[in-house]
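Survey of secondary and tertiary structure
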Amino acid sequence: MNKISEIVSTFFAYLKRPDLYPELRRKIWKNIFNRSSGLRGKEEAEEWCKSSAISERDFIEKVLNTTFVPFEKLFPQEFAAALQAQAKAPVKMGGAGSLSVIYYINEFANAQKSIETGVAYGWSSFAALASLVHRNGTLYSSDMPYILQNQSEDFVGCVIPEKYKSNWDLYRYADKESLPKIFEKASSFDVVHYDSDKTYDGRLWAYNLLWSKLRTGGIFMSDDVGDNAAFKDYCEKNNRKPHIIEFDGKYAGVIIKD
Ligand SMILES: C[S@@+](CC[C@H](N)C(=O)[O-])C[C@H]1O[C@@H](n2cnc3c(N)ncnc32)[C@H](O)[C@@H]1O
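Here's a quick rundown of the structure. Because the structure is predicted, anything quoted here is derived from the model rather than measured. (Residues numbered from 1 in each chain as written. Predicted model: local features only at pLDDT ≥ 70, side-chain atom pairs only at ≥ 80, totals over all residues. Heavy atoms only, no water.)

Below, the discussion takes up the packing of aromatic side chains. The description of two aromatic rings rests on the distance between their centres and on the angle between their planes. Counted under the stated rule, the structure contains 19 aromatic pairs. Here the aromatic rings of Phe 71 and Phe 75 are separated by 5.2 Å at their centres, their planes lie at 40 degrees, and the arrangement is tilted. Phe 71 gets classed as buried once you look at its relative accessible area, which sits at 0%. Ring centres 5.4 Å apart and planes at 70 degrees place the aromatic pair Phe 75 and Tyr 103 in the edge-to-face group. Residue Phe 75 is located in the loop between helix H5 (71-74) and helix H6 (76-88), and its partner Tyr 103 is located in helix H7 (residues 99-108); the two are separated by 28 residues in the primary sequence. The class of Phe 75 is buried, set by a relative accessible area of 10%. Positioned above the aromatic ring of Tyr 173, the side-chain terminus of Lys 181 is 4.8 Å from the ring centre. Between the NZ or CZ atom of Lys 213 and the centre of the ring of Phe 183, over which it lies, the distance is 4.8 Å. (Phe/Tyr/Trp six-rings, centres within 6.5 Å; stacked < 30°, edge-to-face > 60°. Buried < 20%, exposed > 50% of the residue type's maximum accessible area, 1.4 Å probe, protein only. Helix = DSSP H or I, 4+ residues; strand = E, 2+ residues; numbered from the N terminus. Lys NZ or Arg CZ within 6 Å of the ring centre and 35° of its normal.)

And the structure:
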């Protein structure tokens, strides 16, 4: 599909979804007035991440003080079933970050209520829920459908084991609509995991809001913090002391709220 026909198809796909009109308005505005928001400050962000990055093992063992067993080894049957579910899905969606880090931050925070933005196949949801279910906790997720893939909504969360789904509360809108709806259900969270709108402005809007809902002692995590300077600028401006974790050639940022 060339660029023009993609824009036209996207526009008509949005027109069929009144619940996503607010996001359509924002996308039009961004594409006209704020096109550089995705990559703003990428080079400096990558340098900043590289200078302090540690491995997921070091983070889990040295910062969380927990023995590291990779997530896929802790839950081998569920993990194998999840890989099969993803292979069967006829749609291509965004990939996962460090499942071990997500699982262990929920364990560390003794999480009862966690919130995440960005679900796609549901790898991060699977990892958070694997911890939450032991405390009968809840994962609140925000995920906007892939607008150009008709069937994608049927496969959002397809890798999450069925036995975890009663502990999962999914909101299928853009974050700007989902988050206020989630906050009507829960106003404080033990863990925040951000993995949705990766633009500079989208991140800053969500980081500020989600941080205000994180309890003291809770853990804040954002994926792909080397993609632009939003996480770096957020940490510097607010004097946060993040841990940067390198995983699969990408960087995640984690902050423990003290
Ligand atoms: C990288 S994928 C998430 C991967 C997932 N966390 C995992 O570990 O498997 C990003 C997801 O965020 C969704 N998304 C993108 N922009 C969004 C927005 N503004 N609000 C809510 N979801 C959004 C995409 O549709 C996609 O499902």
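Below, the discussion takes up helix H11 (residues 200-212). Spanning 13 residues, H11 covers 19 Å between terminal C-alpha atoms, matching the ideal 18 Å at 1.5 Å per step. For H11, the set of buried residues is Tyr 200, Gly 202, Arg 203, Ala 206, Tyr 207, Leu 210 and Trp 211. Considered in projection along H11, the buried side chains sweep an arc of 150 degrees and stay on one side of the axis. Considering only its buried residues, H11 is in contact with strand E2 (113-117), helix H10 (175-185), strand E5 (189-194), strand E6 (214-222), helix H12 (230-238) and strand E8 (250-256). (Expected span 1.5 Å × (residues − 1). Arc of directions from axis to C-beta. Contact = heavy atoms within 4.5 Å.)

Turning to the environment of Phe 220, a few remarks are in order. Within the fold, Phe 220 resides in strand E6. Note: C-alpha distance between Phe 220 and Leu 129 (91 residues apart in sequence) is 16 Å. Every residue in contact with Phe 220, bar those within four places of it in the chain, is listed here: Val 192, Tyr 207, Leu 210, Trp 211, Leu 214, Phe 231, Gly 253, Val 254 and Ile 255.

Attention now moves to the site of the ligand. Around the ligand there are 20 residues in total, and Ser 124, Asp 143, Met 144, Asp 175 and Asp 195 lie nearest to it. Between a nitrogen atom of the ligand and a side-chain N or O atom of Ser 124, the distance comes to 2.8 Å. Here the ligand, which alone exposes 600 Å², has 90% of that area covered by the protein. A breakdown of the residues in the shell around the ligand according to their chemical character gives eight nonpolar, seven polar and five charged. (Near = heavy atom within 4 Å. Polar contact = N/O pair within 3.5 Å; in protein donor to acceptor, adjacent residues only side chain to side chain. Areas by Shrake-Rupley, 256 points an atom, 1.4 Å probe, with all protein chains shown as cover. Nonpolar A, V, L, I, M, F, W, Y, C, P; charged D, E, K, R; others polar.)

We now examine the nonpolar core. Grouped burial of nonpolar side chains is what soluble globular proteins tend to show. Counting residues in each nonpolar core, the largest one holds 42 residues, and the members touching the most others are Phe 59, Phe 71, Val 101, Ile 105 and Trp 123. Among the secondary structure elements, those contributing two or more residues to this core are helix H4 (56-63), H6, H7, helix H8 (123-132), E6 and E8. Here this core takes seven residues from H8, the largest share from any one element. Residues contacting Phe 71, with those up to four places away along its chain left out, are Phe 79, Leu 99, Ser 100, Tyr 103, Phe 126, Ala 127 and Ala 130. Counting 25 residues, the second largest nonpolar core, distinct from the first, contains Ile 182, Phe 189, Val 192 and Leu 214. (Core = buried A, V, L, I, M, F, W, Y, C linked by side-chain atoms within 4.5 Å.)

Attention shifts here to the pairing of E6. For E5 and E6, the ladder comprises five bridges, and the chain directions are parallel. Among the inter-strand pairings, His 193 is bridged to a residue of E6, identified as Met 221. Bridge count for E6 against E8 is four bridges, and the pairing is antiparallel. Following the sheet pairing, Ser 222 is matched in E8 by Gly 253. (Pairing = 2+ DSSP bridges.)

Another aspect to go through is the sheet that holds E6. Note on sheets: strands pair through backbone hydrogen bonds, and any given pair is parallel or antiparallel. Across the sheet, eight strands lie side by side as E1-E7-E8-E6-E5-E2-E3-E4; this open sheet has mixed pairing. Across the chains shown, the open sheet's two edge strands, defined by having one partner strand only, are strand E1 (54-55) and strand E4 (168-171). As defined by bridge partners, E2 adjoins strand E3 (residues 138-142) across five bridges and the pair is classed as parallel. Across the sheet, residue Thr 117 finds its bridge partner in E3, namely Ser 142. Along the sheet, H12 contacts E6, strand E7 (243-247) and E8; its crossing angle with E8, the most-contacted strand, is approximately 25 degrees. (Axes fitted to C-alpha atoms, helices over the stretch in contact; angles between N-to-C directions.)

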